[in-house]
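The primary structure of each chain is shown beneath.
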Amino acid sequence: MVCKMGPEIYTMLELQSLWDKVLAAKNEIARSRHAIDFWRSEMKAMETKMADLRSRVNQLKTNIKQKELELHDVESRIQFLDSRKNSLKSQRDFDSMLTEMETLNKKKDEIENNMLQYMEDVDAIEGELDVFQHEMPKRLNQIEKDVEELQNKLESLQKEAEDNAAQFNKQITELPPDLRARFAKVIETKGNGIVPLENGICMGCHYQVPVYVKDEVAKSKAVTCTNCGRFLYFKN
């Protein structure tokens, strides 16, 4: 069906085009902001991991020093007991000394095993830290570049959205007041204020409109879908 569109329909279609650009820019702005937040969180996570690795190394080195002190005390006690064994006068004292020596030697082995494990952990973490320190500057530099590009894109999109919104607000005044209010309300709530009518079906909600609505649309009158409230038009 070929129908001549009235000026109000043309105006609504132009307004819809502007509004679509506003919405597209806003959606892209939201995606850009999300991307910026993501990359900033990545930067923070990398910095946090670096600090955590350093903290773990420092703690392990502190543990090693503590174990060295413990080992020194145990070895000193063992040496002291060993120096006294020939001066013991009773079997009971000798047995007591042997029991203590056995306990101390077990403790010494435990301390040495702990120290060895701590040292191995330090080597492993410092190796990971070396790799991280080597790669982190390049990674952070790339993230900073990505964020800068996104920031520039964001500024451009914001200007685009503002310009199209300003043009929309200016052009909507071309509609009669009653249509202006109705169109503004439906486009704000539904995103698309005017949609095609195809085979009697509203392309906004896919509702079969009554015949009289189809006839009004055919006359290029500003009528709305009886179901969703969107304005309707026939495509030429």
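The following paragraphs examine the structure supplied in this document. Once a new chain begins, its residue numbering starts again from 1 and follows that chain's sequence as written. Local features in this predicted model are restricted to residues whose pLDDT is 70 or higher, and side-chain atom pairs enter the listing and the counts only when it is 80 or higher, whereas totals over whole chains, interfaces and linings include all residues. Derived side-chain values reflect all non-hydrogen atoms in the structure, with water molecules and hydrogen atoms excluded from consideration.

### Section: unusual backbone geometry
Step number 1: Non-glycine residue asparagine 199 carries a positive phi angle of around 55°.
Step number 2: Here asparagine 199 lies in the loop between strand S1 (194-198) and strand S2 (201-202).
Step number 3: One non-glycine residue with positive phi stands out, namely histidine 206, at about 60°.
Step number 4: Secondary structure elements follow DSSP: runs of H or I of four or more residues count as helices, runs of E of two or more count as strands, with numbering from the N terminus. One can find histidine 206 in the loop between S2 and helix H4 (211-218).

### With respect to the pattern of salt bridges
Oppositely charged side chains can form a pair if their charged atoms are brought close together.
Step number 1: In the sections that follow, a salt bridge refers to a side-chain nitrogen of Lys or Arg positioned within 4 Å of a carboxyl oxygen of Asp or Glu. Following the criterion strictly, the structure yields 13 salt bridges and no others.
Step number 2: Lysine 106 is paired through a salt bridge with glutamate 102; the nearest N and O atoms lie 3.7 Å apart. Taken together, the residues span about one helical turn, with lysine 106 and glutamate 102 both in helix H2 (residues 91-171) at a distance of four residues.
Step number 3: By relative accessible area, which is 55% here, lysine 106 ends up exposed.
Step number 4: Connected through salt bridges with shared partners, the residues Glu28, Arg31 and Lys153 form a single ionic network. Categorising residues by exposure relies on relative accessible area from a 1.4 Å probe, with only protein chains included: less than 20% of the type maximum marks a residue as buried, more than 50% marks it as exposed, and the intermediate range marks it as partly exposed.

### What to know about the sheet that holds S1
Step number 1: At least two bridges found by DSSP between two strands are what make those strands a pair. Read from one edge to the other, the open sheet built from three strands follows the order S2-S1-S3, with strand pairing classed as mixed. The open sheet has two edge strands with one neighbour each: S2 and strand S3 (231-233).
Step number 2: Taken together, the three bridges between S1 and S3 define a ladder with parallel strand orientation. For isoleucine 194, the partnering residue across the bridge sits in S3 and is phenylalanine 231.

### A few points about the side chain of glutamine 16
Step number 1: Relative to the elements of secondary structure, glutamine 16 occurs in helix H1 (residues 7-84).
Step number 2: At a separation of 3.4 Å, a polar atom in the side chain of glutamine 16 contacts the main-chain amide nitrogen of isoleucine 194.
Step number 3: Residues in contact with glutamine 16, not counting those within four places in the same chain, are Phe183, Ile187, Gly191, Asn192, Gly193 and Ile194. Polar contact criterion, stated in full: a pair of N or O atoms within 3.5 Å, where within protein one must be able to donate a hydrogen and the other to accept it, and residues adjacent in sequence count only if both atoms are side-chain atoms. In this description, contact between two residues means that some pair of their heavy atoms is separated by no more than 4.5 Å.

### Remarks on the side chain of asparagine 164
Step number 1: Following the sequence through the fold, asparagine 164 ends up in helix H2.
Step number 2: Judged by relative accessible area, asparagine 164 falls into the buried class, the value being 13%.

### Observations regarding the environment of leucine 129
Step number 1: Topologically, leucine 129 is positioned in helix H2.
Step number 2: Owing to a relative accessible area of 9%, leucine 129 belongs among the buried residues under this scheme.
Step number 3: Along the backbone, leucine 129 and valine 213 are 84 residues apart, and their C-alpha atoms lie at a distance of 72 Å.
Step number 4: Setting aside its immediate chain neighbours within four residues, leucine 129 contacts Met50, Leu53 and Arg54.

### A closer look at the packing of aromatic side chains
Each pair of aromatic rings is reported with the distance of its centres and the angle of its planes.
Step number 1: What counts as a ring pair is set by centres within 6.5 Å for rings of Phe, Tyr and Trp (its six-membered ring), and what kind of pair is set by the plane angle: stacked under 30 degrees, edge-to-face over 60, tilted for all other angles. Per the counting criterion, the structure on display carries three aromatic pairs.
Step number 2: Ring centres 5.0 Å apart and planes at 70° place the aromatic pair phenylalanine 38 and tryptophan 39 in the edge-to-face group.
Step number 3: When its relative accessible area of 39% is taken as the criterion, phenylalanine 38 is described as partly exposed.
Step number 4: Summarising the aromatic geometry, the rings of phenylalanine 183 and phenylalanine 231 are spaced 6.1 Å apart at their centres and angled 50° between planes, so their arrangement reads as tilted. Here the residue phenylalanine 183 occupies a position in helix H3 (residues 177-190), and phenylalanine 231 occupies one in strand S3, the gap between them amounting to 48 residues.

### What about H3?
Step number 1: The end-to-end C-alpha distance of H3 is 20 Å, a good match for the 20 Å that 14 residues give at a rise of 1.5 Å each.
Step number 2: Considered for burial, the residues of H3 that qualify are Leu179, Phe183, Val186 and Ile187. Along the axis of H3, the buried residues cluster in a sector spanning 95°; they form a single face. For H3, exposure combined with an orientation more than 90 degrees from the buried face picks out Pro177, Lys185, Glu188 and Thr189.
Step number 3: Within two residues after H3, glycine 191 carries a phi angle of roughly 90°, on the positive side. Each helix should span, by expectation, one fewer than its residue count multiplied by 1.5 Å. Relevant arc is that of directions from the helix axis to the C-beta atoms, nothing else.

### Here we look at the pairing of S1
On any regular strand, side chains alternate: one points to one face of the sheet, the next to the other face.
Step number 1: The element S1 is extensively covered by neighbouring structure, given that four of its five residues are classed as buried.
Step number 2: As judged from the two bridges shared by S1 and S2, these two strands associate in the antiparallel manner. Considered in S2, the bridge of leucine 197 is made with cysteine 202.
Step number 3: Between S1 and S2, which pair antiparallel one after the other, the connecting turn spans two residues, and asparagine 199 there sits at a positive phi close to 55°.

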